[in-house]
Amino acid sequence: MILSQRKFISGIIKDAHSEEHIPFASVQFLNSTIGKLSDSAGTFKFYLASWPSDTLLITCVGYQPFKLFIPNTLDSIAADIIMERGTFNEGVKVKSKVNKGLFLWRKIVEHKPRNDKFRFDNFSYEVYNKLEIDIKNLNFGKFSKFKPLRPITNLITGNIDTSEGLPYLPTYLTEAISNYYYEKKPLKRRELIKAANTNGVKNESIIQFLGSTDQNVNVYNNFIPVFNKQFVSPASDNGDAYYNYRVVDTQVVNKNRFYHLIFTPRHRGENTFEGDCWVHAGTFAIQKMNLRLGKDANVNFLETLSMIQEYRLLDDSTTWFLSKDKFVADITPIGKEKLGFIGRKTTTYRNIVVNDSSIINELSKNKILEEVITLPGAEEKDKNYWATARHEELNKNEKGIIKMIDTLTNAPVFKKFTNTLNFIGTGYLNRGNYQLGPWYNWITASGWEGLRLRFDLGTNHRFDNHFRWHAYLAYGFLDKKFKGKAELFYLPSKHPRTYWYGSYTNDLDYGQNYYGEVTSDNIFALAIRKSGIPHKYINIDEKRFEYFHETKSGFSNLLAITHSQFNPLKNIPPRDSFTIAKGNPLASFEISLTLRFAYLEKFIENTFYRTSLGSPYPIPEIRITRGISGIGKSAYTYTKLSGSVNDFIKLPPFGSIEFYVYGGKTFGTLPYTFLDIAPGNELYYYNKYAFSLMNKYEFVHDKYAGITFEHNVGNGVFRFIPKLKFRQFYTIKTLWGSLSAANKALNFKQGYTFQTLDGKTYLELGTGIDNIFKVLRIDFIWRVLPTPLPKDNNKKFGVFGSFRLSF
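Model, not experiment: these values are computed from the prediction.

Visitor: I'd love a proper account of the sheet that holds strand S2 (residues 26-29), names of residues and values included.
Guide: Read from one edge of the open sheet, 4 strands run S3-S2-S5-S6, paired in antiparallel fashion. The outermost strands of the open sheet, each flanked by one partner alone, are strand S3 (35-37) and strand S6 (66-69). Put simply, the sheet's adjacent strands are angled 15° from each other on average, direction ignored. Two strands pair when backbone bridges link them, and S2 and strand S5 (residues 55-59) are joined in this way by 4 bridges, in the antiparallel orientation. In the strand pairing of S5, Gln28 is matched with Leu57.

Laid out in structure tokens, this is it:
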């Protein structure tokens, strides 16, 4: 028979979500005896005299069957087989006295000390990271009906990527190459980022997270992080309490035998995976692990997740080491089939060296336990460098993405659109060198000011990368007075961080404000204020200067000089009730020094400011303040000492705890404006820094200590109703305080309701439901101590709400 007359079919079998090749899938011509398995790379080939049938059936555990129609007229076919996910519970279950899956899991756990890469005293490798983020499910038909959006929809539809069957808009693609070094004892980590190529949103601080230091996932650990949650690893020491295991196949590749182990969650509603892995016989090392989220996993906004790890033998042919990571996540904030995101991260490892003196020599350069250094010129590598340096060539789609992102981000209509979205989301609008906003402070109202209008103007990074000035002017139509603030910020150095700051403020102080609270000058505060509680108003005229410096080790100091003049306006003791011999009542001049230590704290930064992502260690802080009389008509001499420690600790599988311990003492006889006023909350919006059932200015102290504790349990009792995806927590807030006799005599004025605990305990206990509709949290709070409750605030119980965005 002539070769050209033969039939030929080949194919590559891929996972529809991760695009990973699927090895050892069954490929069978329907209603015939002709078939085979795909090889270890997921490929197959058939050479035939004629087609045995018109349908090729591909099956694999964990996937839905796939049927490929074969036209009889074709002699040659090359196909990409895209397998949709199914269930791992399919197939015939054979009863056996020995559970082979459980036996294999025990062997994996037993051999973990010999297979985990952290068994080595030290190791190093070159790591290549590629991260892509796309917007999916864009409905341009609806958008184009809205006239203001037509220009942007026309631009995007001209550059859309529909190669995957759905419209995807690329927004971000970045690559990084780095050298990573690790030593076990003493523990040290070092990473040198040699090259970084960012397309889309550019932020220098993000580069440090593109290497290997912040992206290490180890399947041999008992828990594996998924966003901000900890999931039980199938290779956990206690895996049999969370998973069912089953061996479904055995294959030989390059004279090495591998077992195919699948695993599924034992219980609904727990943070577990489902998936499969290939295990090397003899060493019981994992050669490849495929993880998916269980369908009842309590993770918000995550529609689908794939996590893949591959290992390969090093040159000695007995040591398995990580060679590839892949992470693919579909994020759907507003529901399935709605606008969402797809994130894809691929990491590969080369030039692996273990237990070598060169690694120790490189790590000896560390000044702290962990250093991530972006080398000079890392962002300036040209196309020729990337063509030879990247571990794997960009595919056709990825090359098109780079061109597409460049086209979009440089289009004026797209810049205008993104600026508008930024204005709505953050409140700030950039116009040239200047910035307006935030818009949510523009219009407010209160019993003292009536209708209040405010206008803000500041500079942005286009004006200068080191200097920023900002000012606002406000006017109250009831008190008929202007208020305002002007501030100047100078940032000479980001790493290590150093800044100078000066401001002048003349405005209402609104009593107390805390980070994360809906403040009193916010338009949303009008709807959530507790009824029947008198508003307290106080005006402050303040001049402030700050100098901040931070070292690479995480130690920082903040020197502040402040001159303040308080003028109480309503429902708190007025200034003329505090008579003094010299200076102005309620005027002070302070010098304070704040010392803080946050080891290995990480930040996301923009040009001027930064947001902390936390530290793996507790963060202590100490503040010393000295008040000096006679400067700027200041009237008081005093000393304040205060300190605090806070930490966030993950306790898988029992959730996480967060605590804040604080205390302080004031030496001197002073008006209440310079004492410690316990943080009260007069809104129905929950604030973790304040006492929910305490009013502002209710308790005044010159000596105090307190603890705030919160335990987020996770599903808790709601794991029995997994569809709700509710989460459980409880809180404890307690305060001890006292006030000297001299300060009582000075501040406890007739007609005002100041109190002191006098050494008693103030205690609030709370519990509640989190993750209602994925964003709402409800707190139920009980005021337990002290007893009896005062007449002016006798509420023992309250319900509070807040919005939280969390995976």
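Visitor: Got a sec to walk through the confidence of the model for the protein chain? Specific residues and values, please.
Guide: The predicted model of the protein chain averages 86 in pLDDT, with 89% of residues at 70 or higher. When pLDDT is averaged over each element of the protein chain, strand S33 (residues 619-627) comes out on top at 97 and helix H3 (residues 140-144) at the bottom at 60.

Visitor: Outline helix H1 (residues 100-110), listing residues and values.
Guide: Among the residues making up H1, those that are buried are Gly101, Leu104, Trp105, Ile108 and Val109. Projected down its long axis, H1 shows its buried positions confined to an angular sector of 140°, all on one face. Looking at the buried side of H1, the elements it contacts are helix H2 (112-115), strand S13 (243-253), strand S14 (256-265), strand S15 (273-280) and strand S16 (286-293).

Visitor: If you had to explain helix H8 (residues 412-426) to someone new, which residues and values would you point to?
Guide: One full turn of an α-helix is made of 3.6 residues, so residues set three or four places apart face in the same direction. Between the first and last C-alpha of H8 there are 21 Å, a value that for 15 residues agrees with the 21 Å anticipated at 1.5 Å per step. Once H8 finishes, Gly427 follows within two positions and takes phi at roughly 95°, a positive value.

Visitor: Describe the pattern of salt bridges, with residues and values.
Guide: Per the counting criterion, the structure on display carries 38 salt bridges. Note that Lys536 is salt-bridged to Glu682, the shortest N-O span being 2.7 Å. With Lys536 in the loop between strand S27 (498-508) and strand S28 (537-550) and Glu682 in the loop between strand S36 (676-677) and strand S37 (700-701), this pair connects stretches of sequence that are 146 residues apart. Three or more residues are tied together by salt bridges with common partners; here these are Glu20, Lys288, Glu310, Lys324 and Lys326.

Visitor: Requested: an account of a nonpolar patch on the surface, with residues and values cited.
Guide: On the surface, a nonpolar cluster with roughly 600 Å² of combined accessible area is contributed by Tyr730, Ile732, Leu765, Trp782, Val784, Leu785, Phe797 and Val799. Elements with a contribution of two residues or more to the nonpolar patch: strand S39 (727-738), strand S41 (776-785) and strand S42 (797-803). For the nonpolar patch, the leading source of residues is S41, giving 3 residues. Among the secondary structure elements, Leu765 is positioned in strand S40 (residues 761-772).

Visitor: How would you summarise the nonpolar core if you had to cite specific residues and measurements?
Guide: Counting residues in each nonpolar core, the largest one holds 52 residues, and the members touching the most others are Phe273 and Met307. Core analysis: the next-biggest nonpolar cluster, separate from the first, contains 20 residues, Ile22, Phe29, Leu48 and Trp51 among them.

Visitor: Describe the environment of Ser629, naming the residues involved and giving the relevant values.
Guide: In this structure, Ser629 sits in the loop between S33 and strand S34 (638-650). Ser629 sits in the partly exposed class, given a relative accessible area of 34%. In this structure, the C-alpha to C-alpha distance between Ser629 and Glu590, residues 39 residues apart in sequence, is 9.0 Å. Leave out the neighbours within four places in its chain, and Ser629 touches Ser634, Ala635, Tyr636 and Thr637.

Visitor: Describe the pairing of strand S11 (residues 223-226), with residues and values.
Guide: In S11, alternate side chains face the same way, and those of Ile224 and Val226 are buried while those of Phe223 and Pro225 on the opposite face are not. In this structure, S11 lies alongside strand S12 (residues 229-232), joined through 4 bridges in antiparallel fashion. Directly across from Phe223, in S12, lies its bridge partner Val232. If you look at the hairpin formed by S11 and S12, you'll find 2 residues sitting between the two strands, and Phe227 has a positive phi there, around 55°.

Visitor: Could you give an account of the sheet that holds strand S4 (residues 43-48), with specific residues and numbers?
Guide: The strand order across the open sheet formed by 3 strands is S4-S1-S7, and the pairing between neighbours is mixed. Only two strands of the sheet have a single neighbouring strand rather than two, namely S4 and strand S7 (76-83). In this sheet, adjacent strand axes meet at a mean angle of 15° when their direction is disregarded. Two elements, strand S1 (residues 7-15) and S4, share 6 bridges in a ladder whose sense is antiparallel. Bridging from a neighbouring strand, Phe8 pairs with Tyr47 of S4.

Visitor: So what's going on with the side chain of Thr734? Which residues, and what values?
Guide: Mapped onto the fold, Thr734 is located in strand S39. A distance of 3.0 Å separates a polar atom in the side chain of Thr734 from the backbone oxygen of Tyr762. When sequence neighbours within four positions are dropped, the list of residues in contact with Thr734 reads Tyr662, Phe691, Ala705, Gly706, Ile707, Thr761, Tyr762 and Leu763.

Visitor: Go over the packing of aromatic side chains, please, and point to the residues and values.
Guide: Tallying each qualifying case throughout the model produces 53 aromatic pairs. Relative to Tyr537, the ring of Trp448 has its centre 6.3 Å away and its plane inclined at 35°; by these criteria the two rings are tilted. Here Trp448 is found in the loop between strand S23 (443-446) and strand S24 (450-459), whereas its partner Tyr537 is found in strand S28, with 89 residues between them in sequence. Relative to Tyr609, the ring of Phe608 lies with its centre 6.3 Å away and its plane at 55°, an arrangement referred to as tilted. The exposure class of Phe608 is buried, given its relative accessible area of 5%. Following the ring pairs from residue to residue traces out a cluster consisting of Phe118, Phe120, Phe123, Tyr125, Tyr180, Tyr182, Phe321 and Tyr349. Above the plane of the ring of Phe46 lies Lys36, whose end atom (NZ or CZ) is 4.8 Å from the centre. It is Arg777 that lies over the ring of Phe729; its NZ or CZ is 3.8 Å from the centre.

Rules used throughout
Every chain's residues receive numbers from 1 upward, in the order its sequence appears when written. For a predicted model such as this one, the threshold for reporting local features is a pLDDT of at least 70, and the threshold for listing and counting side-chain atom pairs is 80 or more; totals across whole chains, interfaces and linings nevertheless cover every residue. Derived side-chain values reflect all non-hydrogen atoms in the structure, with water molecules and hydrogen atoms excluded from consideration. We call two strands paired when DSSP finds no fewer than two bridges between them. Only DSSP runs of H or I reaching four residues or more are called helices, and only runs of E reaching two or more are called strands; each is numbered from the N terminus. Inter-axis angles, ranging from 0 to 180 degrees, are taken between N-to-C directions of lines fitted to C-alpha atoms, where helices are fitted over the stretch in contact. The predictor's confidence in any single residue is recorded as pLDDT, a number from 0 to 100. Between buried and exposed lies partly exposed: a residue is buried under 20% and exposed over 50% of the maximum accessible area for its type, with that area taken using a 1.4 Å probe on protein chains only. Throughout, the arc means the angular range of directions from the helix axis out to the C-beta atoms. Between two residues, a contact is recorded if the distance between any of their heavy atoms is within 4.5 Å. Multiply 1.5 Å by the residue count of a helix minus one, and that product is the helix's expected span. Within this document, salt bridges are pairs made up of a side-chain nitrogen of Lys or Arg and a carboxyl oxygen of Asp or Glu, the two lying within 4 Å of each other. For patch building, the residue pool is restricted to those with more than 30% relative accessible area and no salt bridge; the joining distance is 9 Å between like charges and 5 Å between nonpolar side chains (Val, Leu, Ile, Met, Phe, Trp, Tyr). For the accessible areas, the method is Shrake-Rupley and the probe is 1.4 Å, while residue cover comes only from the protein chains on display. Buried Ala, Val, Leu, Ile, Met, Phe, Trp, Tyr and Cys residues that are joined via side-chain atoms within 4.5 Å together make up what is termed a nonpolar core. Here a polar contact is recorded for every N or O atom pair within 3.5 Å, except that within protein the pair must consist of a potential hydrogen donor and a potential acceptor, and residues adjacent in sequence are included only if both atoms are side-chain atoms. Only Phe, Tyr and Trp rings are paired, with Trp represented by its six-membered ring, and only when their centres lie within 6.5 Å; those with planes under 30 degrees apart are stacked, over 60 edge-to-face, the remainder tilted. Only Lys NZ and Arg CZ are tested; either one counts as a charge over a ring when it is within 6 Å of the ring centre and within 35 degrees of the ring normal.

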